[in-house]
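Geometric and topological summary
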Amino acid sequence: MIRQSFNASWVVGPKLTGFAAIAGGGTKPQPVTLPHDAIRDLARSAESDQGSHTGYFPGGVFTYTKTFDVPEAWRDKTVMIVFEGIYRDAVVFINGDFAAQRPSGYAGFAVTADPFLRYGEVNTISVDARAHQDSRWYTGAGIYRDVHIVVSDPVHVALDGVRVTTPDIDRERAIVAVVTTLENETRATRTVRVETQILAADGAVVASGSTPVTLLPGTPATSRVRLTVSSPALWSPDSPSLYEVRTTVLSESAVLDEERSHFGIRHLQLDPQHGLRINGVPVKLRGACVHHDNGPLGAAAIARAEERRVELLKAAGFNAIRSAHNPVSRAMLDACDRLGMLVMDELTDVWTKAKTMFDYALAFPEWWERDVGAMVAKDFNHPSVIMYSIGNEIFEVGTPIGSAWGRKLAEKVRELDDTRFVTNGINPLVAILDRLGEMMGGGASDQPPDVNAMLAGLGQMMNQIAVSDPVTLATEESAAVLDVVGLNYADSRYELDAARFPHRIIVGSETFPGHIDELWRLVTAHPHVIGDFTWTGWDYLGEVGIGRIDYTDEEGYLPGFAAPYPYLLASTGDIDITGHRRPVSYYRETVFGLRHAPHIAVHRPQGYGRPTAHTPWSWTDTASSWTWDVPPGSPVTVDVYSDAEEVELLLNGRSLGAAKVGGEKPFLARFETSYAPGELVAVACTPGREPARSALRTASGPLHLRVTSDRAEIRADDTDLAYVAIVLEDADGTVPTDHDRRVSVTVEGPGVLVGLGSGHPRPEGPFGAACCVTYEGRALAIVRPLQPGEISVTVSADGCETRSVGVRAAALT
């Protein structure tokens, strides 16, 4: 089997119909390399009919087109084009003829191209994709995940046809069961031999087996082998050891097909006394919900972007991600396998009842089985995947028919993969929403309810409603079909369910970020609660301003859940869209017990004493900075996050006193003081432990640019990127938070600037531009290689000396 990237040499433009298509009018298509987001560079507007959900971007219908050579030698081959994700309602044409469609924007699918190809000629493939009032967040549009062309012998391994399980493991050996599905697309019965090898990380063959398989024409056949690996290296988040399975299909001595995939040897256990165990070791899930966009790249799921997010999330203390609210990309799963990040992969945000006017509820009843199959096929060999979620805040879960849907979905998942656990993100409030409206005197509406606005308005009432008898009764059947009951914003049920449902296992599938201290106390205190997934681990596009803090005395302030234009970001998340950690990230790391050094977070002195409006997803309006454009003597509040008993604060060597940790909030010491330029030091003290300290300094003197790449060398292919950090700092490396400037970026050599932006929730310009304004002294440029060679990235800013950094794009060996 020859699998090649099919990402290069596409063009994209608005879809033309009728006489416009015949005449060739309209905007000229633009050349692109996939993955690509067709919406990211469109103009945003306060009048967008997509509204705040998608960050005030418009919708659209787009056509991607590519020409490619089909050699005469392919006439006797099987040719498939594999799409990992197209948003949305994709329709594929080959040489003008309909070849396939897929309504889901997140399910991968393959197109058998053979009936449509013209051998020995140039062929054309085109793909239509559309997005329109169909999501509660920014989705982007187009072919935003990888595409491959697969050319194989008519007798071959099926796509995702090698499935590996490890049903029996101990210290001495592991049994590795390999099931290989073969396909015979000839008109004759064929007998082939399937050879299977297991390779360790160093390339050594540690087990092998061989078996003959007879295939009838047009009928798949299955090969099974059970191999023994001695002294197995087990996969876990702390030690993500991987093996490779190499499958070769032989006809006599000729190789018909070869497939390689990676897997991990690990054992999962689940019970209410021990919670989740991996290889016999209890594991609590320090989880992050993550959306699928990649910030300045829009929705484009380029492999390096996915990998970098996993790297930074793990470095910030997370050991698990929840893919909200759609199946995660293959590239991110590969990264999770390599780096040791656990995954809850989620199927969908809707079943049969819509949340937006034209969302996937229109297609789900017809396509759900194929969507489940696509998710499981993608995930099966990935040791990082430990749970499948069949939905998120589904309206139907509080009804008998909805419970039947949940059972049907859960059993389909188990039919395809019984080695992992099944959950569902149940929001008790959403489950009884129809009855809640009646109780509160609400009238009927022909508009789908805005779930997030409703949640924000009810606030803490959600936890009270969650433990009510109507909720318990309404959700009991839907919960009973699950291995793990996912609860969104319902931690009040944790203790209740331990008594009422002693065999029930719970995960906090979605929780408020500011409650992590109490949430983690509950998680660690109760073995039947296996973890917490915060909303969110990484900030994202759309659902604008759900985590913002407004000063209500500011001119133009408008109350409400959604932030007004030009807001673009949700403004929530431990990490901003550029990968920079926000203060809440350090608080969470402290709560998790992973951080012992104190962290200083300063409330913006410009907001001191002013009235504010928060949402349940807000943190505090703080920054880790001691550079503020306010007069000396201005009052300021300083928070120090610490696991110590007491924290002393010093300003320019003078003690400002000590404060007990936990007075205002667990793991937090708060100080009221006055701003003065210089050095602010926090010293954390606990008897029997060495004092730990951290410091902030005021930036002084001229600012200059610091420009660095995350790596000096990258791969010269369509999977890699260079991330170039742009920072304003003084001579001592101190970054000011209130002296932002416009920066411009140019790229020379075999690379192209594919994204530029900051973490500002209300950016001034598009991510596709060559200039932007820093936010709190920082910006990020993303460069994609075009071919091997030396790439130079140059950054300039007013009042600063221009800086450059070099990146080498290396040819693959």
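**Re the overall build of the protein chain**
Check the secondary structure of the protein chain and you find 13 helices and 49 strands. A compact globule built from 813 residues should have a C-alpha radius of gyration of about 28 Å, and the protein chain, at 27 Å, falls within 12% of that. C-alpha extents for the protein chain along the principal axes are approximately 90 × 65 × 60 Å. Burial statistics for the protein chain: of 813 residues in total, 58% are counted as buried. Here the contacts in the protein chain between residues at least 6 apart in sequence split such that 72% fall between residues at least 24 apart. When the 73 basic and 102 acidic side-chain charges of the protein chain are each reduced to a single mean position, those positions are 2 Å apart.

**Observations regarding the nonpolar core**
Core analysis: the largest hydrophobic core is formed by 65 residues, its most contacted members being Leu-313, Ile-321, Trp-351, Phe-364, Ile-390 and Leu-409. Membership of the second largest hydrophobic core comes to 48 residues, among which are Leu-34, Phe-109, Ala-113 and Trp-137.

**Here's the deal with the pattern of salt bridges**
Under the counting rule described, the total for this entry stands at 57 salt bridges. The closest approach of N and O atoms between Asp-134 and Arg-88, which form a salt bridge, is 3.8 Å. Of this pair, Asp-134 sits in the loop between β9 (121-131) and β10 (147-152) while Arg-88 sits in the loop between β5 (78-83) and β6 (90-94), placing them 46 residues apart in sequence. By relative accessible area, Arg-88 is classed as buried at 5%. The partner of Arg-670 in a salt bridge is Asp-639, and the shortest N-O contact between them spans 2.7 Å. With Arg-670 in strand β38 (residues 668-674) and Asp-639 in strand β35 (residues 635-641), the pair connects residues that are 31 residues apart, well separated along the chain.

**A closer look at empty space enclosed by the protein**
The final tally for this structure, using the stated rule, is eight cavities of 30 Å³ or more. Quantified by volume, the largest cavity comes out at close to 260 Å³. Along the walls of the largest cavity sit 22 residues, with Tyr-106, Thr-348, Asp-349, Val-350 and Tyr-360 positioned nearest its centre. Tallied by class, the residues present in the lining of the largest cavity amount to eight nonpolar, seven polar and seven charged.

**Concerning the environment of Glu-185**
Position of Glu-185 relative to the elements: it lies in the loop between β12 (173-184) and β13 (190-199). Owing to a relative accessible area of 41%, Glu-185 belongs among the partly exposed residues under this scheme. Separated by 87 residues in sequence, Glu-185 and Phe-98 have C-alpha atoms that sit 22 Å apart. Setting aside chain neighbours within four positions, we find Glu-185 in contact with Thr-78, Asp-114, Pro-154 and His-156. In terms of polar contacts, Glu-185 uses its side chain to reach the side chain of Thr-78, at 3.1 Å.

**So, the sheet that holds strand β22 (residues 281-282)**
Pairing within the open sheet is antiparallel, and its three strands lie in the order β20-β21-β22. This sheet does not close on itself; its edge strands, each paired only once, are β20 (268-271) and β22. Pairing analysis gives two bridges linking strand β21 (residues 275-278) to β22, with the strands arranged antiparallel. The partner of Ile-278 across the bridge, within β22, is Val-281.

**A short note on helix α11 (residues 493-500)**
When we look at burial in α11, the residues that qualify are Arg-493, Tyr-494 and Asp-497. Looking straight down α11, one finds its buried side chains confined to an arc of 100°; they lie on one side. The inward-facing, buried residues of α11 abut α9 (461-466), α10 (469-480), β28 (485-488), β29 (506-511), α12 (516-525) and β30 (529-534).

**Details of the pairing of β10**
Extensive coverage of β10 is indicated by the burial of six of its six residues. Of the two faces of β10, the one lined by Val-147, Ile-149 and Val-151 and the one lined by His-148, Val-150 and Ser-152 are each fully buried. Bridge analysis of β5 against β10 gives six bridges, and the strand direction is antiparallel. When the sheet's bridge partners are listed, Val-79 is paired in β10 with Val-151.

**A look at the sheet that holds strand β43 (residues 722-729)**
Taken together, the four strands give an open sheet; going across it, the order is β41-β43-β47-β45, and neighbouring strands pair in antiparallel fashion. Looking at the sheet topology across the chains shown, the edges are occupied by β41 (704-709) and β45 (751-757). Averaged over neighbouring strand pairs, the angle between their axes works out to 25° when direction is ignored. Two elements, β41 and β43, share six bridges in a ladder whose sense is antiparallel. Pairing of Val-707 across the sheet is with Ile-726, part of β43.

**Looking at the side chain of Glu-307**
Turning to its location among the elements, Glu-307 is positioned in helix α2 (residues 303-315). Polar contacts involving the side chain of Glu-307 include one to the side chain of Arg-338, which spans 2.7 Å. Dropping the residues within four chain positions of it, Glu-307 is found in contact with Ala-335, Arg-338 and Leu-339.

**Re helix α5 (residues 400-416)**
A rise of 1.5 Å per residue sets the reference length of α5, with its 17 residues, at 24 Å; its end C-alpha atoms lie 25 Å apart and thus fit the reference within 8%. In the core, the buried residues of α5 are packed alongside α4 (364-379), β26 (385-392), β27 (421-426) and α10.

**Observations concerning the environment of Ile-549**
The residue Ile-549 is located in the loop between β30 and β31 (550-551) in this model. Spatially, the C-alpha atoms of Ile-549 and Phe-671 are 21 Å apart, while their sequence positions differ by 122 residues. When residues no more than four places from it in sequence are discounted, the contact partners of Ile-549 are Thr-612, Ala-613, His-614, Ser-618, Trp-619, Thr-620 and Asp-621.

Here is what the cut-offs are and how they apply
Residues numbered from 1 in each chain as written. Predicted model: local features only at pLDDT ≥ 70, side-chain atom pairs only at ≥ 80, totals over all residues. Heavy atoms only, no water. Helix = DSSP H or I, 4+ residues; strand = E, 2+ residues; numbered from the N terminus. Rg over C-alpha atoms; globule rule 2.2 N^0.38 Å. Buried < 20%, exposed > 50% of the residue type's maximum accessible area, 1.4 Å probe, protein only. Contact = heavy atoms within 4.5 Å. Lys, Arg positive; Asp, Glu negative; His and termini not counted. Charge placed at Lys NZ, Arg CZ, Asp CG, Glu CD. Core = buried A, V, L, I, M, F, W, Y, C linked by side-chain atoms within 4.5 Å. Salt bridge = Lys/Arg side-chain N within 4 Å of Asp/Glu carboxyl O. 1 Å grid on protein atoms, 1.4 Å probe; cavity = no way out; pocket = protein on both sides within 12 Å on 5 of 7 lines; lining within 4 Å. Points joined across faces, edges and corners; volume = space filled by probe spheres on them. Nonpolar A, V, L, I, M, F, W, Y, C, P; charged D, E, K, R; others polar. Polar contact = N/O pair within 3.5 Å; in protein donor to acceptor, adjacent residues only side chain to side chain. Pairing = 2+ DSSP bridges. Arc of directions from axis to C-beta. Axes fitted to C-alpha atoms, helices over the stretch in contact; angles between N-to-C directions. Expected span 1.5 Å × (residues − 1).

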